[in-house]
Amino acid sequence: MGNNDGDLTRRGFLKGAAYGVAGLAGLPALGRASKAFAANDRIQMAVIGCGGQGTGHLQNLVNMSKDPNEGVSVVGVCDVYDARKERARNISQARVHHEFEEVLARPDVDAVLIATPDHWHAPISIAAMKAGKDVYCEKPMTHTWQEAKGVRDVVHSTGRVFQVGVQSTSEDRWWRARNWIETGQIGKLLWTKTSYSRNSREGEWNWGIDKDAGPKNIDWPRWLGNAPKRPFDPDRYFRFRKYWDYSGGIATDLFYHQLAHLQVALGPEFPKYVSAHGGIYVQNDREVPDTFQVLIDYPSGHTVLLCSSMANRLSLEETICGHEATLYMQGDGFRVEPEEEFKDKHQKMTVKERPRLDHMHNFLDCVRTRQRPHCDVELAFRTMVAISLSVDSYRSRKMMEFDSEKVECKTPAKPLPTSIQK
């Protein structure tokens with residue numbers, strides 16, 4: 001898969017590092033940048049969605065812009081809440097917008113960073129790419145897998161650079177593990193487990209609510225977009241991850257992280273069967289479950305187990321299990337443990353990471369070079385299919401079957417009411 005173990009500098013991103021030369025065959029070529037970048041040209045970016053995550057990205061980009069070697073500037077910010085617009089203005093000194101369409105109409109904007117609630121990811125990503133902008137979209141890729149398919153189609157038709165903000169997919173250990181698996185060094189791939197758990201007295205995603213916030217300073221109809229129309233509800237606005245209309249809860253917030261970097265290592269497959277289990281066992285102020293477990297079966301004969309609770313922080317050790325050896329993933333690499341029956345063939349060892357561009361620098365380099373980023377649309381789409389089907393499975397109480405040839409779900413999930421489950 002290309003030279004995934006090679007050292008990288010910020011300006012020395014290896015072409016095709018995400019897929020390798022062979023993996024690029026058959027994929028549409030990326031389009032040209034909206035302008036040709038000279039060595040010292042700055043990529044001019046706008047941030048759409050200036051809540052907690054968006055503000056973090058904005059501050060990082062502003063800090064980067066102060067270094068002339070970084071080659072990036074923030075020229076626009078956009079939000080529907082007046083207080084967040086003012087905060088973004090103070091951080092960036094950039095032009096402030098209320099409508100994202102205003103941002104996309106600007107010829108001086110090369111790329112946008114989207115950090116809105118999940119239900120806006122697809123509409124803004126599609127509009128941005130059609131307007132000739134490259135896109136860094138926060139995870140999850142979209143709200144549903146059907147929306148993700150639409151985004152993928154537009155990436156292919158426009159040739160824009162599209163990166164989903166799963167920072168861990170830029171950690172070199174996953175690319176080294178991919179090489180380990182592909183070269184048969186753990187034998188037949190069998191099953192993988194991972195988890196992402198938290199605990200709090202107040203309940204996960206119960207972020208603070210601004211006491212002065214309301215329809216007078218939040219454009220509530222605009223924020224709802226295509227979601228079901230409802231009277232203004234500060235809990236839905238400030239704590240959107242608790243509600244099906246705008247999020248998939250644990251699945252889209254946390255499991256998307258875990259499965260995306262696993263997909264780097266495990267290889268390019270769509271799921272075949274997805275089943276999800278769990279419920280609201282403690283945190284009764286929400287629609288999404290506080291405890292959630294998912295099983296994903298892949299056509300090659302491999303199962304992924306995702307486990308999580310927002311009411312107990314115990315987590316599983318992240319492992320990739322083969323017939324001949326197991327990889328225990330660690331913060332700076334992974335540990336290889338051969339099975340007893342194959343100790344004559346494999347050695348116990350520790351494999352360390354090597355330097356690789358971080359996620360934002362990877363995106364910016366790809367804007368310049370038109371190469372594919374670490375979490376490009378194909379990786380992001382395959383991940384979104386499994387994650388979205390886990391939500392459908394939980395809500396319908398059915399096992400979901402996916403046809404990777406036709407790229408469609410063979411088990412339609414009946415729509416369920418979105419009121420809070422008690």
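All of these numbers come straight from a predicted model, not from anything done at the bench. (Residues numbered from 1 in each chain as written. Predicted model: local features only at pLDDT ≥ 70, side-chain atom pairs only at ≥ 80, totals over all residues. Heavy atoms only, no water.)

### Brief notes about the sheet that holds strand S5 (residues 134-138)
Turning to step 1, where the next piece is worked out: Here 6 strands make up an open sheet; going across it, the order is S3-S2-S1-S4-S5-S6 and the pairing parallel. The outermost strands of the open sheet, each flanked by one partner alone, are strand S3 (95-97) and strand S6 (162-165). For this sheet, the mean inter-axis angle between neighbouring strands, taken without regard to orientation, is 25°.
Turning to step 2, where the next piece is worked out: Examined bridge by bridge, strand S1 (residues 43-48) and strand S2 (residues 72-78) share 6 bridges and lie parallel to one another. When the sheet's bridge partners are listed, Met45 is paired in S2 with Val74.
Turning to step 3, where the next piece is worked out: Along the sheet face, helix H2 (residues 52-65) touches S1, S2, strand S4 (111-114) and S5 and points at about 150° away from the line of S2. (Pairing = 2+ DSSP bridges. Helix = DSSP H or I, 4+ residues; strand = E, 2+ residues; numbered from the N terminus. Axes fitted to C-alpha atoms, helices over the stretch in contact; angles between N-to-C directions. Contact = heavy atoms within 4.5 Å.)

### Observations concerning helix H3 (residues 82-92)
Turning to step 1, where the next piece is worked out: For H3, the full list of buried residues reads Arg84, Lys85, Ala88 and Ser92. What you see down the axis of H3 is that its buried residues fit within an arc of 100°, all on one side.
Turning to step 2, where the next piece is worked out: Check the buried side of H3 and you find it contacts H2, S2, S3 and helix H9 (234-238).
Turning to step 3, where the next piece is worked out: Backbone geometry just after H3 places Gln93 at a positive phi near 60°. (Buried < 20%, exposed > 50% of the residue type's maximum accessible area, 1.4 Å probe, protein only. Arc of directions from axis to C-beta.)

### A short note on the pattern of salt bridges
Turning to step 1, where the next piece is worked out: Throughout the structure, instances matching the rule amount to 30 salt bridges.
Turning to step 2, where the next piece is worked out: The closest approach of N and O atoms between Glu171 and Arg173, which form a salt bridge, is 3.0 Å.
Turning to step 3, where the next piece is worked out: The partner of Lys242 in a salt bridge is Asp235, and the shortest N-O contact between them spans 3.0 Å.
Turning to step 4, where the next piece is worked out: In this structure Asp235 comes out as buried when scored by relative accessible area, which is 14%.
Turning to step 5, where the next piece is worked out: Linked by salt bridges that have partners in common, Arg230, Asp233, Arg236, Asp245 and Glu287 make up one network. (Salt bridge = Lys/Arg side-chain N within 4 Å of Asp/Glu carboxyl O.)

### Quick look at unusual backbone geometry
Turning to step 1, where the next piece is worked out: Cis peptide bonds are those with omega within 30 degrees of zero, and the linkage from Lys139 to Pro140 qualifies with -5°.
Turning to step 2, where the next piece is worked out: If you trace the backbone, Pro140 turns up in the loop between S5 and helix H6 (145-158).
Turning to step 3, where the next piece is worked out: For Arg397, which is not glycine, the phi dihedral falls at a positive 60°.
Turning to step 4, where the next piece is worked out: What makes Arg397 exposed here is its relative accessible area of 52%.

### As for the state of the cysteines
Turning to step 1, where the next piece is worked out: Applying the stated criterion to the full structure yields 0 disulfides.
Turning to step 2, where the next piece is worked out: Of all cysteine sulfurs in the structure, the one in Cys78 sits closest to Cys50, which takes part in no disulfide; the separation is 7.3 Å.
Turning to step 3, where the next piece is worked out: Among the residues examined, Cys50 registers a relative accessible area of 1% and is labelled buried. (Disulfide = S-S within 2.5 Å.)

### Section: the confidence of the model for the protein chain
Turning to step 1, where the next piece is worked out: For the protein chain, per-residue confidence averages 91 on the pLDDT scale, and 89% of positions sit at 70 or higher.
Turning to step 2, where the next piece is worked out: A low-confidence stretch, residues 1-27 (pLDDT under 50), is modelled with 57 contacts involving residues beyond four sequence positions or located in other chains. (pLDDT = per-residue confidence, 0-100.)

### Looking at the environment of Ala83
Turning to step 1, where the next piece is worked out: Counting through the fold element by element, Ala83 comes out in helix H3.
Turning to step 2, where the next piece is worked out: In the structure, Ala83 is positioned 134 residues away from Asn217 in sequence and 7.6 Å away in space, judged by C-alpha atoms.

### Details of the nonpolar core
A general tendency of soluble globular proteins is for nonpolar side chains to be buried together.
Turning to step 1, where the next piece is worked out: Counting residues in hydrophobic clusters, the biggest one holds 79 residues, and the most contacted among them are Val112, Met141, Phe162, Tyr256, Ile296, Ile320 and Leu327.
Turning to step 2, where the next piece is worked out: If sequence neighbours within four positions are ignored, Leu327 has contacts with Ala177, Trp180, Ile181, Ile186, Glu318, Thr319, Ile320, Phe334, Arg335 and Val336.
Turning to step 3, where the next piece is worked out: Counting 25 residues, the second largest nonpolar core, distinct from the first, contains Phe37, Leu113, Phe363 and Val367. (Core = buried A, V, L, I, M, F, W, Y, C linked by side-chain atoms within 4.5 Å.)

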